Every structure is written in C-alpha cells, then in structure tokens.
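What the coordinates show
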Amino acid sequence: MINPYKRAGKVNLNATLIAEVIVFLLLCLFTVKFVWPPIAKALDERADKIAEGLAAAERGKSDFEQAEKKVAELLTEGRNQVSEIVANAEKRAAQIVEDAKAQAITEAASITEQAKTNAEQEINRAREALREQVAALAVKGAESILRREVDEKQHAQMLGALKQEL
C-alpha cells in the first residue's frame, strides 16, 4: 500500500498535521463568520414566527372562548327577552279579552236599557191610543144616550177628566 503521507521516502507527519489543523481552523473561522450568522438568523426568525404563531393561537383560543361566552350570554338574554315578550303578549291578550267582555257587558246593558225604554214608550203610546179610543167610544155612547143635550165644552171637560182617570 502506498502511504499518501510519505514523501520520497520520508514521512513528515508534523507538517501535515499542522496544515490540517490550520485548514480546519480556517474552515471553522469561515463557518462562524459567514455561514453560521445567516443560519442562526434564519433559526431565530423561525423561532420568532413559531412563538408568534403560538401566541396568536393562544389569543385566538382566548378570543374564541370569550366569543362562546358572549354568544351564550346573548342566547340567554335573547331567550329571556322572548319569554318576556311572550308573557307580555299573553297578558295583553288576556287584557284585551277582559276589555272585550267588559265592553260587551256594557253594550248589552245599554241595549237592554234601550229596549226597556222603547218598550215603555210603546206601552205609553198604546195606553194613550187606548185612552183615546175609550174616550171616543165613551163620547159616542154618551152622545147616543144624551142626544138631546149635547154641550161640547162640558163634554170636552168630562173627556179630559176621564182621560186623566184612565
């Protein structure tokens, strides 16, 4: 086998080792100075984005929980308002029914009173007509009996007194 570290028969191990160490140190220096900063910057940016994403997710979760609570409160409030509106509508309906009943009773009483008044007027008219007929009959009867003495003034006074008695 051929040894790559041999040169014309003699091995110079120290110079090769020193050269490799120098190249390695230059490579490390180059990496630290030119390669590592962009990588570190990219890693830092990525870590910041991840942290921002986690914070945004946490804020989103918190906002979602608050929104759920708000929705639940609004639903409860809406249900309460609906219940209140229904209760008010039922009360109003009952009040309308009661008012209608009271109005119907009042109108019935008014109609009954009007009917009584009309009936009394009709009765009075019938009585008056009957009185006049009775008076006319009485005059005819008296006239036929008293044909000999007919005095209209006395006769009218008698009929008036008769009407009042009836």
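Residues numbered from 1 in each chain as written. Predicted model: local features only at pLDDT ≥ 70, side-chain atom pairs only at ≥ 80, totals over all residues. Heavy atoms only, no water.

The name given to the protein chain in an unreviewed UniProt entry is ATP synthase subunit b, with Kingella oralis ATCC 51147 as the source organism. The record in UniProt for the protein chain states the following under Sequence similarities (unreviewed entry): "Belongs to the ATPase B chain family." (UniProt positions renumbered as here; feature names shortened; annotations may be inferred.)

**Some points on a nonpolar patch on the surface**
A cluster of nonpolar side chains, Phe30, Phe34, Val35, Trp36, Ile39 and Leu43, forms an exposed patch at the surface whose accessible area comes to about 610 Å². Along the chain, the position of Phe34 falls in helix α1 (residues 13-145). (Patch = residues over 30% accessible without salt bridge, like charges linked within 9 Å, V, L, I, M, F, W, Y side chains within 5 Å. Areas by Shrake-Rupley, 256 points an atom, 1.4 Å probe, with all protein chains shown as cover. Salt bridge = Lys/Arg side-chain N within 4 Å of Asp/Glu carboxyl O. Helix = DSSP H or I, 4+ residues; strand = E, 2+ residues; numbered from the N terminus.)

**Let's talk about the UniProt feature "coiled-coil region" (unreviewed entry) in the protein chain**
Listed under "coiled-coil region" (unreviewed entry) in the UniProt record, and renumbered for this structure, are residues 109-136. A helix fraction of 100% and a strand fraction of 0% characterise residues 109-136, whose end C-alpha atoms lie 40 Å from each other.

**So, the UniProt feature "transmembrane region" (unreviewed entry) in the protein chain**
On the UniProt side, "transmembrane region" (unreviewed entry) is annotated at positions that read residues 12-36 here. Helix makes up 96% of residues 12-36 and strand 0%, whereas the separation of the span's terminal C-alpha atoms amounts to 34 Å.

**A short note on the confidence of the model for the protein chain**
In the predicted model, the protein chain carries a mean pLDDT of 85, and the fraction of residues at 70 or more is 87%. Across the protein chain, the secondary-structure element scoring lowest on mean pLDDT is strand β1 (residues 6-7), at 53, and the one scoring highest is α1, at 90. (pLDDT = per-residue confidence, 0-100.)

**Quick look at the pattern of salt bridges**
Enumeration according to the criterion identifies two salt bridges in this entry. Residue Arg125 pairs with Glu122 through a salt bridge whose shortest N-O separation is 2.4 Å. In this pair, Arg125 and Glu122 both sit in helix α1, three residues apart, roughly one turn of the helix. Here Arg131 and Glu128 are joined by a salt bridge, their closest N and O atoms 3.8 Å apart. With Arg131 and Glu128 both in helix α1 and three residues apart, this pair spans about one turn of that helix. Given the relative accessible area of 25%, Arg131 is considered partly exposed. Judged by its relative accessible area of 35%, Glu128 is partly exposed. (Buried < 20%, exposed > 50% of the residue type's maximum accessible area, 1.4 Å probe, protein only.)

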